[in-house]
Amino acid sequence: MNEPTPVLELRDVRKTYRLPHGQRLRAVDGISLRVMPGEMLGLVGESGCGKSTLGRCMLRLDDVSSGQVLFEGRDITTLSERRLRPLRTGMQMVFQNSTAALNPRRSIGDLLAEPLRVHPAADGRRRSAAAIAARLHELMALVGLPASALARYPHAFSGGQRQRINIARALALSPRLVVADEPVSALDVSVQAQIVNLFADLREQLGLTYVFVAHDLAVVRQISTRVAVMYLGAIVECGETDTVLHTPAHPYTAALTAAVPRPVVGAPPAMLLRGDVPSPVNRPAGCRFHTRCPQAQARCSAEEPALRALRPGHEVACHYPLPPA
Amino acid sequence: MPADRMPLLDVRDLCVSVPGNGGMIPLVENVSFCVNEAEIVGLVGESGSGKSVTAMALMGLIDSPGVQVRGSARFRGQELVGMPAKALRTLRGRDIAMIFQDPMTAFTPVYTIGWQIDEQIRAHERLTRRAARARTVQLLAEMGVPDPARTAQRYPHQLSGGLRQRAMIAMALSCRPTLLIADEPTTALDVTVQAQILDLLRGLRHSHGSSVLLITHDMGVVAQTCSRTLVLYSGRMAESGPTTTLFARPAHPYTAALLDSIPPLYGSRPHRLPAIAGVPPTPRERPAGCAFGPRCAYVHATCLPAPPALAPIGAGQLAACVLPAEGTPLPPRTIAQGMQP
Ligand SMILES: Nc1ncnc2c1ncn2[C@@H]1O[C@H](COP(=O)(O)OP(=O)(O)OP(=O)(O)O)[C@@H](O)[C@H]1O
Ligand SMILES: Nc1ncnc2c1ncn2[C@@H]1O[C@H](COP(=O)(O)OP(=O)(O)O)[C@@H](O)[C@H]1O
Ligand code: SF4
Ligand code: SF4
Ligand SMILES: [Mg+2]
Ligand SMILES: [Mg+2]
């Protein structure tokens, strides 16, 4: 049987930042993954673990230091910006900071029209003003904003509405892959639910494939079909959403889910993980989690566990994975 | 009321308004609650609901031009509203301490955190520098700061967010306050570190006999930490009561909707989340009548003329909604099976 081509594939991707004094910060430290058509991959992990960096590498918004990035089977790792440009319409990003992503001096219509002016239509021709205007109205309807919003400026909108505008901008060119970096983290719960629903609706209507970055596990569960858990630049566990969240095999995933304060009175106090995330500049040798792992043994500080399949579709990087509950 | 039953903090009809629109704009209206000895009370609401304004007003820290603070807030019987600045300053730091969402606001970048905590101690107690440092190091250790003596010698920007937050709590506790006002102390932190800080706050009741007014927008944090909870919406109290009651039988549609809009981590996944349409109004554009009216699934004619008064529902529960009095209270929540493993 022929497996469908992944929309996105990463092969041992690394991104290293050079810091002053010759230090190197390994923000993404050898990540391989595939995202299949229609899939919604949730990417979770603590602040600074490399989620945003990985998201930018996926779309070649950042150049990777080593490894390969494939979009719909095509290696885009070293494509020039000119040759990348026609592919850019197929992959878009919704950025973490919704306010900073919108230029305050341009109207919403102007902001959204820009990608439509820059990129030709599917037939290779420039879009007419009428076609652009029609598309803008379509986009507003798609994200649940009135057409009158097009004439207004970013400051006139609430956080939730600005996030709708950002989503509209990402959708303008009808991408097949959307990487959303913490698109609801800055929103109030009541508004967050609206945007989470919008992402689900858009997937159904447009058949999108998502990579959804978030630190809220409950939000990720609501949106994702599969979850990848990151720690210090690497994926430590990956699998079907409820398998990973409910029967985690990696001690870090277990600690992360236990720490979520559940809105149930008298819920058992969360299991406590000691300490903070170590600096990615001096990441621990052996298992990157061993300095905080309650299960750590001698082998863990000496030998790095590889990401391997526990069972089909459930991968974990741990010498002593937790038993299924 | 006998003195030993007097609440530590008793806030009644607290109102805060600022000039604007050619008159006064109320930011916080008629907020009433109390905090007892060794109790953690939650103040919840979405951003802009008036949580910080309430806290700052209690501490006498609002210095906006023309601001008006009315009502009463008694701390151990002493009125805080209108208290001279000097007396308030003495109270602050010694009896009442505050911690903020961003620990950088509490520390100045140019001194080590140890030096700053030492100074805070010495401002309220006659201690040698050495004795103060000993206390500082001990406090940092109690807050779970690793290698406290060395950490004390570091500058704020050299610490991680979690460590800075711990250092700030250590500084707040340095003069053994009886009341700690914590304004979103964990909002900027990862859940793993948040769990550690919440554990620490829960422990303060026993280790220091302190009470905490915990400000948060996270219903999960409230559920795990607060015995009683106050829900604010657009500067007004929507509901208050024992946390257990609020979660099982919310009487205000806003409380219920807020709880329902949280995606469940366990159980079946709803196809769509029950979202609340629209956004909370700003103080300038608060509608007449019930402020939640434009977003409420139960809104009807009697909600609109004036803001509904806060009325008792049952044991310790109050709600500002017309439904209970009209004989059509909300049904109890089917206790979120989806929230438990
Ligand atoms: N341009 C850069 N130069 C140097 N270091 C960087 C740069 N961008 C990111 N980093 C570092 O790389 C690591 C990963 O950062 P990244 O922003 O990807 O984390 P994240 O998981 O998205 O965190 P958050 O949850 O806080 O958004 C961090 O240690 C960060 O400080
Ligand atoms: N000094 C001020 N002058 C005018 N408006 C203010 C002032 N401080 C706060 N506000 C407004 O009061 C409302 C409540 O603010 P705040 O208490 O900070 O909310 P939160 O619940 O998020 O802490 C917001 O709409 C805010 O913009
Ligand atoms: S390899 Fe060892 S230290 Fe790492 S997660 Fe597994 S048990 Fe813990
Ligand atoms: S008073 Fe009316 S509008 Fe307000 S919460 Fe109650 S039912 Fe809804
Ligand atoms: Mg990020
Ligand atoms: Mg606030």
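Before reading on, note that the structure itself is shown above.
Just so it is clear, the structure is predicted and the values come from calculations on it, not from any experiment. (Residues numbered from 1 in each chain as written. Chains lettered and ligands numbered in written order. Predicted model: local features only at pLDDT ≥ 70, side-chain atom pairs only at ≥ 80, totals over all residues. Heavy atoms only, no water.)

Student: Is there a simple way to think about the overall build of chain A in this case?
Tutor: Helices and strands together make up the secondary structure of chain A, namely 10 helices and 12 strands. For 325 residues, the compact-globule estimate of 2.2 N^0.38 gives 20 Å, and the C-alpha radius of gyration of chain A, at 21 Å, lies within 12% of that figure. Here the C-alpha coordinates of chain A stretch approximately 65 × 50 × 50 Å along the principal axes. Burial statistics for chain A: of 325 residues in total, 55% are counted as buried. (Helix = DSSP H or I, 4+ residues; strand = E, 2+ residues; numbered from the N terminus. Rg over C-alpha atoms; globule rule 2.2 N^0.38 Å. Buried < 20%, exposed > 50% of the residue type's maximum accessible area, 1.4 Å probe, protein only.)

Student: Just to check I follow, could you spell out the overall build of chain B for this structure?
Tutor: When you go through chain B residue by residue, the secondary structure sums to 10 helices and 12 strands. Against the globule reference of 20 Å for 341 residues, chain B gives a C-alpha radius of gyration of 21 Å, in line with a compact fold. For chain B, the spread of C-alpha atoms along the three principal axes comes to 65 × 50 × 45 Å. When each of the 341 residues of chain B is scored for burial, the buried share is 52%. For chain B, contacts bridging at least 24 residues in sequence account for 66% of all contacts bridging at least 6. Summed over its atoms, the accessible surface of chain B is roughly 14,700 Å², and 56% of this surface lies on carbon and sulfur atoms. For chain B, the distance from the average site of its 32 positive side-chain charges to the average site of its 25 negative ones is 5 Å. (Contact = heavy atoms within 4.5 Å. Areas by Shrake-Rupley, 256 points an atom, 1.4 Å probe, with all protein chains shown as cover. Lys, Arg positive; Asp, Glu negative; His and termini not counted. Charge placed at Lys NZ, Arg CZ, Asp CG, Glu CD.)

Student: Sorry, what's going on with the packing of aromatic side chains here?
Tutor: One pair of aromatic rings is described through two measures. These are the centre distance and the angle between the planes. Residues and elements named next belong to chain B. Per the counting criterion, the structure on display carries 9 aromatic pairs over all chains. Centre to centre, the rings of Y111 and W115 are 4.1 Å apart; their planes meet at 20°, and the pair counts as stacked. Relative to F292, the ring of Y233 lies with its centre 5.2 Å away and its plane at 80°, an arrangement referred to as edge-to-face. Of the two residues, Y233 sits in strand β9 (residues 228-233) while F292 sits in the loop between α10 (253-260) and β11 (311-314), which places them 59 residues apart along the sequence. (Phe/Tyr/Trp six-rings, centres within 6.5 Å; stacked < 30°, edge-to-face > 60°.)

Student: I tried to follow the interface of chain A and chain B on my own but got confused; where do I start?
Tutor: Reports of interface size often rely on the accessible area that becomes lost once the parts have come together. Each partner contributes residues to the interface: chain A has 45 residues there, and chain B has 47 residues. Carbon and sulfur atoms supply 55% of the area that chain A and chain B bury against each other, a total of about 4,000 Å² over both sides. A salt bridge links B:R272 to A:D201, with the shortest nitrogen-to-oxygen separation between them at 2.5 Å. Where chain A meets chain B, there are 19 residue pairs in polar contact (both at pLDDT 80 or more). Sorting the residues of the side of chain A that touches chain B by element identifies α6 (189-206), α7 (217-223), α8 (241-246) and α9 (251-259) of chain A as the ones contributing at least two each. At 10 residues, the largest contribution of residues to the side of chain A that touches chain B is made by α6(A). Split by residue class, the side of chain A that touches chain B holds 21 nonpolar, 13 polar and 11 charged. (Buried area = accessible area lost by both parts, 1.4 Å probe. Salt bridge = Lys/Arg side-chain N within 4 Å of Asp/Glu carboxyl O. Polar contact = N/O pair within 3.5 Å; in protein donor to acceptor, adjacent residues only side chain to side chain. Nonpolar A, V, L, I, M, F, W, Y, C, P; charged D, E, K, R; others polar.)

Student: It is not clear to me how unusual backbone geometry should be interpreted in this structure. Could you clarify?
Tutor: Phi is mostly negative for residues that are not glycine, and the peptide bonds are mostly trans. Residue and element names in this part refer to chain B. If you check the backbone angles, D13 has positive phi at about 50° while not being a glycine. Here D13 lies in strand β1 (residues 9-20). According to the relative accessible area criterion, D13 is partly exposed, its value standing at 43%. One non-glycine residue, S234, lies in the positive phi region at around 50°. Tracing the backbone through its elements, the reader meets S234 in the loop between β9 and β10 (236-242).

Student: What is the right way to read the pattern of salt bridges from this model?
Tutor: Note on pairing: side chains with opposite charge can pair once their charged atoms come close. If you walk through the whole model with that rule in mind, you get 39 salt bridges over all chains. Between A:E9 and A:R11 there is a salt bridge whose closest N-O contact spans 3.2 Å. Looking at A:E9, the relative accessible area reads 11%, which means it is buried. Of the charged contacts, one joins B:D95 and B:R94 as a salt bridge, the two residues approaching to 2.9 Å between their closest N and O atoms. A single network of salt bridges, built from pairs that share partners, joins A:D12, A:R14, A:R26, A:D29, A:R283, A:R288 and A:E304.

Student: Help me understand the site of ligand 2 in this model?
Tutor: Residue and element names in this part refer to chain B. Surveying the vicinity of ligand 2 reveals the residues V18, L27, E46, S47, G48, S49, G50, K51, S52, V53, S64 and P283. Residue G50 places a main-chain N or O atom 3.0 Å away from an oxygen atom belonging to ligand 2. The contact in question runs from an oxygen atom of ligand 2 to an N or O atom on the backbone of V53, over 2.7 Å. Burial of ligand 2 by the surrounding chains reaches 64%, relative to a free accessible area of 560 Å². Among the elements that make up the shell around ligand 2, the one with the highest residue count is helix α1 (residues 51-58) (3 residues). (Near = heavy atom within 4 Å.)

Student: What is the right way to look at the pairing of strand β9 (residues 226-231) of chain A in this model?
Tutor: All names here are of chain A. Buried residues dominate β9, accounting for 6 of its 6 residues. Burial of β9 is two-sided: the residues R226, A228 and M230 facing one way and the residues V227, V229 and Y231 facing the other way are all buried. One ladder, built from 6 bridges, connects β9 with strand β10 (residues 234-240); its direction is antiparallel. Bridge pairing in β10 places V229 opposite E237. Linkage of β9 to β10, two consecutive antiparallel strands, is achieved through a turn of 2 residues, within which L232 is found at a positive phi near 45°. (Pairing = 2+ DSSP bridges.)

Student: In this structure, what is going on with the sheet that holds strand β5 (residues 74-75) of chain A? I would like to understand it.
Tutor: Residues and elements named next belong to chain A. Taken together, 4 strands build an open sheet; the order of strands is β2-β1-β4-β5 and the sheet is antiparallel. Unpaired on one side and paired on the other, β2 (24-35) and β5 mark the two borders of the sheet. Where strand β4 (residues 66-71) lies against β5, 2 bridges are found, and the strand directions are antiparallel. Bridge pairing in β5 places L70 opposite D75. Lying on the sheet, helix α1 (residues 51-58) is in contact with β1 (8-18), β2 and β4; it crosses β1 at an angle near 120°. (Axes fitted to C-alpha atoms, helices over the stretch in contact; angles between N-to-C directions.)

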